Amino acid sequence: MNAESNLIPLLNIAEEDVNRQMQICNACRYCEGFCAVFPAMTQRLEFNKADIHYLANLCHNCGACLHACQYAAPHEFDVNIPRSMAKVRLQTYTDFAWPKKFGTLYQRNGVTLAISSALALGLFLILTLVIQGNLFTEIEGGDFYQIFPHNTLVTMFGSVFGFSALALLIGIVHFWRKVAPTQEKRQQTPVTAMLQAGEAALTLKYLDGGHGQGCNNEDDAYTLVRRRFHHMTFYGFMLCFAATSVATLYHYVMGWQAPYPVFSIPVMLGIIGGLGLLVGPAGLLYLNYQRHPEHGDQAQRPMDRAFIVLLFMISLTGLLLLGFRETALMPLMLALHLGFVMAFFLTMPYSKFAHGFYRCAALFKSYLERLKEKKSKS
């Protein structure tokens, strides 16, 4: 083993601040029952770069520890775990992004990139329809494949989605290899830890404040509303994804061509999911504007809001497309909807969307550590 491989990566300013605060928290331990961060913290006496990246993605930015902390500002220690973790968490999305330059570009210009991509793509499709002379053309039966052929859409969106999914997967693999110790990489994957991590992610367990009453948003009052809006957003997205999957099955396996009736399975899944993707992001956007200024990293709020608006607009234009599919407005609605969907696919591995996957990996590691600790005590 050469000398270079023994070098310990130096912490940057944001990571050093997390290290400083974790040392204070480790001595205090008042917040040990709040979320998964603090039990993971107590298993460490010092925090290297990998530990800090792991803990940052384990943090759900609920704010409970900030409101309970006796060392928060105006105390001279100025402990603010949600803010410090948020800064490092964003950094990890860039550090582990593939290609890394794309992650850096999004971090610096996330809002501009997301919104301009959606508008530019939508405008491009609208101009295409203008040239074709069918921007305001009523299509019998609402068959949007008469506007843009099926194979064209599959090629365009399939290739972009495939690249984004691959980039996201590579990023998660890089993250796991960095934060997981050698023994965790080599051991057989415990199903128990995987199931526990999955349950915690699907139920947003760590947005309950550790006591089931919820976390904090704009003040010291506990609330579950943020958790509920997150659930609406996540499950709304999953239902829309299920609608697309069922429609794909219909097309390629059953030989049933779109458009499908309103009361068909893919359309009903899309409607219910779309409504969830309206209410959830709208609620999260409202809560984002109402959040306490010390929660998280203020510099990231425009990026967070841009992502929320992007999800909202995907759902809104999708529902409008369904509502106007048998009118002359259908081509316009289709162009706008496809523009927002394409922008989402393009930014997927580098935007706030990636946080769910990194957090799932961090949760899995935390439950692996708990199993290991439980076995060592037994």
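Residues numbered from 1 in each chain as written. Predicted model: local features only at pLDDT ≥ 70, side-chain atom pairs only at ≥ 80, totals over all residues. Heavy atoms only, no water.

Notes on the overall build of the chain
- Looking only at helices and strands, the chain features 14 helices and two strands.
- Here the C-alpha radius of gyration of the chain, 23 Å, is about what a compact globule of 378 residues would show, namely 21 Å.
- Counting only C-alpha atoms and orienting by the principal axes, one finds that the chain spans roughly 70 × 50 × 40 Å.
- Buried positions account for 47% of the 378 residues belonging to the chain.
- Counting 30 positive and 25 negative side-chain charges, the chain places the centres of these two groups 6 Å from one another. (Helix = DSSP H or I, 4+ residues; strand = E, 2+ residues; numbered from the N terminus. Rg over C-alpha atoms; globule rule 2.2 N^0.38 Å. Buried < 20%, exposed > 50% of the residue type's maximum accessible area, 1.4 Å probe, protein only. Lys, Arg positive; Asp, Glu negative; His and termini not counted. Charge placed at Lys NZ, Arg CZ, Asp CG, Glu CD.)

Description of unusual backbone geometry
- A cis amide bond, omega 15 degrees, links Ala-73 with the succeeding residue Pro-74.
- Omega for the bond connecting Ala-258 with Pro-259 falls within 30 degrees of zero, at 5 degrees, which places this linkage in the cis form.
- Along the chain, Pro-259 turns up in the loop between helix H10 (225-254) and helix H11 (265-290).
- Even without being a glycine, Asn-61 presents a positive backbone phi close to 55 degrees.
- Its place among the elements puts Asn-61 in the loop between helix H3 (49-58) and helix H4 (64-68).

Some thoughts on the pattern of salt bridges
- Overall, the coordinates contain eight salt bridges when judged by the stated rule.
- The partner of Glu-369 in a salt bridge is Arg-44, with the nearest N and O atoms 2.4 Å apart. One end of the pair, Glu-369, is in helix H14 (residues 355-377); the other, Arg-44, is in the loop between helix H2 (37-41) and H3, with 325 residues separating them in the sequence.
- Linking Asp-78 and Arg-83 is a salt bridge whose minimum nitrogen-to-oxygen distance equals 3.4 Å. (Salt bridge = Lys/Arg side-chain N within 4 Å of Asp/Glu carboxyl O.)

A look at the packing of aromatic side chains
- What the rule picks out here adds up to 20 aromatic pairs.
- When the centroid spacing of 5.5 Å and the interplanar angle of 80 degrees are considered together, the rings of Phe-96 and Phe-175 count as edge-to-face. Highlighted residues: Phe-96 in the loop between helix H5 (81-95) and helix H6 (100-132) and Phe-175 in helix H7 (residues 150-179), separated in sequence by 79 residues. For the pair formed by Phe-96 and Phe-175, the shared burial category is buried.
- Geometrically, the ring pair formed by Phe-175 and Tyr-358 is edge-to-face, given 5.2 Å between the ring centres and 70 degrees between the ring planes. Here the residue Phe-175 occupies a position in helix H7, and Tyr-358 occupies one in helix H14, the gap between them amounting to 183 residues.
- Joined through ring pairs, the aromatic side chains of Phe-157, Phe-161, Phe-237, Phe-307, Phe-344, Phe-345, Phe-353 and Phe-357 make up one cluster.
- Sitting over the face of the ring of Tyr-289, Arg-305 holds its NZ or CZ atom 3.9 Å from the ring centroid.
- For the cation-ring pair, Arg-370 lies above Tyr-367, with the distance from its terminal atom to the ring centre recorded as 4.8 Å. (Phe/Tyr/Trp six-rings, centres within 6.5 Å; stacked < 30°, edge-to-face > 60°. Lys NZ or Arg CZ within 6 Å of the ring centre and 35° of its normal.)

Comments concerning helix H9 (residues 191-203)
- Relative to the 18 Å expected for 13 residues at 1.5 Å per residue, H9 spans 18 Å between its end C-alpha atoms, a close match to the ideal helical length.
- Among the structural elements, H14 are those in contact with the buried residues of H9.
- Positive backbone phi, at 50 degrees, marks Leu-204, one or two positions downstream of H9. (Expected span 1.5 Å × (residues − 1). Contact = heavy atoms within 4.5 Å.)

Quick look at the nonpolar core
- If you look at the biggest cluster of nonpolar residues, it comprises 91 residues, and the most contacted ones within it are Met-22, Phe-38, Leu-55, Leu-58, Met-85 and Phe-344.
- Looking at this core, the element that brings in the most residues is helix H13 (residues 330-347), giving twelve residues.
- With sequence-adjacent residues up to four places away left out, Leu-55 is seen in contact with Met-22, Val-37, Ala-40, Met-41, Phe-47 and Met-85.
- Tyr-250, Ala-258, Tyr-260 and Val-267 belong to the second-largest nonpolar core, a separate cluster that totals five residues. (Core = buried A, V, L, I, M, F, W, Y, C linked by side-chain atoms within 4.5 Å.)

Describing the confidence of the model for the chain
- Taken as a whole, the chain shows an average pLDDT of 90; of its residues, 95% reach a score of 70 or greater.
- Every residue in residues 1-6 scores below 50 in pLDDT, and together they form one contact with partners more than four places removed in sequence or on other chains. (pLDDT = per-residue confidence, 0-100.)

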